[in-house]
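Okay, here's what each chain looks like letter by letter:
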Amino acid sequence: MKDSIINKLESLSERLMEIDRQLADPDVVSNMDNYRKLTREHADIAPVVALFKHYRETENDIAAATEMSADASMRDFADEEIKAGRAKLEQISVDIQKALLPKDPNDDKNIFIEIRGGTGGDESALFAGDLFRMYTRYAERQRWQVEIISESHGEVGGYKEVIARIVGQGAYSRLKFESGGHRVQRVPATETQGRIHTSAATVAIMPEADDASDIVINPADVRVDTFRASGAGGQHINKTDSAVRLTHIPTGIVVECQDGRSQHKNKEQAWRVLAARIKDKQVREQQAKEAATRKSLIGSGDRSERIRTYNFPQGRVTDHRINLTLYKIDFIMDGDLAELTDALIAEHQAEQLASLADTPA
């Protein structure tokens, strides 16, 4: 490993000992805010320091085996030990570098997912519905909760637009690479000639904003309109002004929520979505700057960028960013996304490791 990484690991080892000393001090732990901060830092550092300790122990084992190889009767055994030790050292080095990669502060957060039908008319709305079902089934597999915030149904089914909140540990970390344009190639149910049509839908994954610190919205910058909800929902929903529209004047972002029967509930949900959209806009602007200097799986933040194609006649799903094609479309559409999400996360880590390797020692 590079000297700069070794120095960082030694510094972290010293910091962990300092935290252990502080956590043993009754005066320090009596302050609960400070105690929580220290325990979080301890939890972050301890696994890296443990790997570094293992790295040093393996180095010592190799050194001992090297000394042993001077004895002719032990040479074969020592050479095997040295070979195994070097292979172990290489793996630990990779594990350490992964552990040192900068963590996305949003990774553990809940998300808002927005899916909109694009080009393709009724078929795009049906595809948007299929995508929503796919993500819902994936969330169920992870034991996450899905709560629909707003929905606009297509004429023959599916969604013109659907917004949902997904609550679960690591939801953003697993789904953040899903933002972008999704394309489908298949024979629509309404097609009498059996011709394959191409349609599209866009997906946006946004981390839920932290009420305490993430986004501060000046209420004076937001116009609030109430109106009667339209569509299904019974007599009540059409007779009261329960629907809410928020317009954030500085950015032009508009959020509507009309699914709840209560105006208060709709307003609360709309504010949460608005905060997430403003945060997402800020994140995408930052990503666009980063994308100008390096390739990133998350891309430039352009939602129209096509990231994946679902070809039903051939039974394949292709992710264009990592050139991965899987011939298991039925399983994927039923929420079996693990192979895709794992590959995307692995590629992102590889990008980060490459960037780390390029950093001067």
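Coordinates for the structure precede this section.
Residues numbered from 1 in each chain as written. Predicted model: local features only at pLDDT ≥ 70, side-chain atom pairs only at ≥ 80, totals over all residues. Heavy atoms only, no water.

A. Main features of the environment of Asn-60. Its location among the elements puts Asn-60 in helix H3 (residues 32–68). Sequence spacing of Asn-60 and Gly-85 is 25 residues, and the spatial spacing of their C-alpha atoms is 9.5 Å. (Helix = DSSP H or I, 4+ residues; strand = E, 2+ residues; numbered from the N terminus.)

B. The sheet that holds strand E2 (residues 145–153), seen in detail. Here eight strands make up an open sheet; going across it, the order is E2-E3-E1-E5-E4-E9-E10-E11 and the pairing mixed. Looking at strand neighbours, the two that pair on one side only are E2 and strand E11 (324–326), the edges of this open sheet. Across the sheet, the mean angle separating the axes of adjacent strands is 15 degrees when strand polarity is ignored. Here strand E1 (residues 111–117) pairs with strand E3 (residues 159–167) via six bridges, running antiparallel. Its bridge partner lying in E3, Ile-111 is registered against Ile-166. Its contacts with the sheet put helix H5 (residues 122–141) on E1, E2, E3, strand E4 (180–186), strand E5 (197–207) and strand E9 (306–311), and the angle it makes with E4 is roughly 110 degrees. (Pairing = 2+ DSSP bridges. Axes fitted to C-alpha atoms, helices over the stretch in contact; angles between N-to-C directions. Contact = heavy atoms within 4.5 Å.)

C. Fine view of the packing of aromatic side chains. By the definition in use, this model includes three aromatic pairs. Ring centres of Phe-127 and Tyr-310 lie 5.5 Å apart, and the angle between their planes is 65 degrees; this geometry places the pair in the edge-to-face category. One end of the pair, Phe-127, is in helix H5; the other, Tyr-310, is in strand E9, with 183 residues separating them in the sequence. Comparing Phe-127 with Tyr-310, the two get one shared label, buried. Pairing Tyr-138 with Trp-144 gives two aromatic rings, centres 5.8 Å apart and planes at 85 degrees, and the pair type is edge-to-face. The side chain of Arg-186 reaches across the aromatic face of Phe-312, ending 5.0 Å from its centre. Above the plane of the ring of Phe-227 lies Arg-245, whose end atom (NZ or CZ) is 4.5 Å from the centre. (Phe/Tyr/Trp six-rings, centres within 6.5 Å; stacked < 30°, edge-to-face > 60°. Buried < 20%, exposed > 50% of the residue type's maximum accessible area, 1.4 Å probe, protein only. Lys NZ or Arg CZ within 6 Å of the ring centre and 35° of its normal.)

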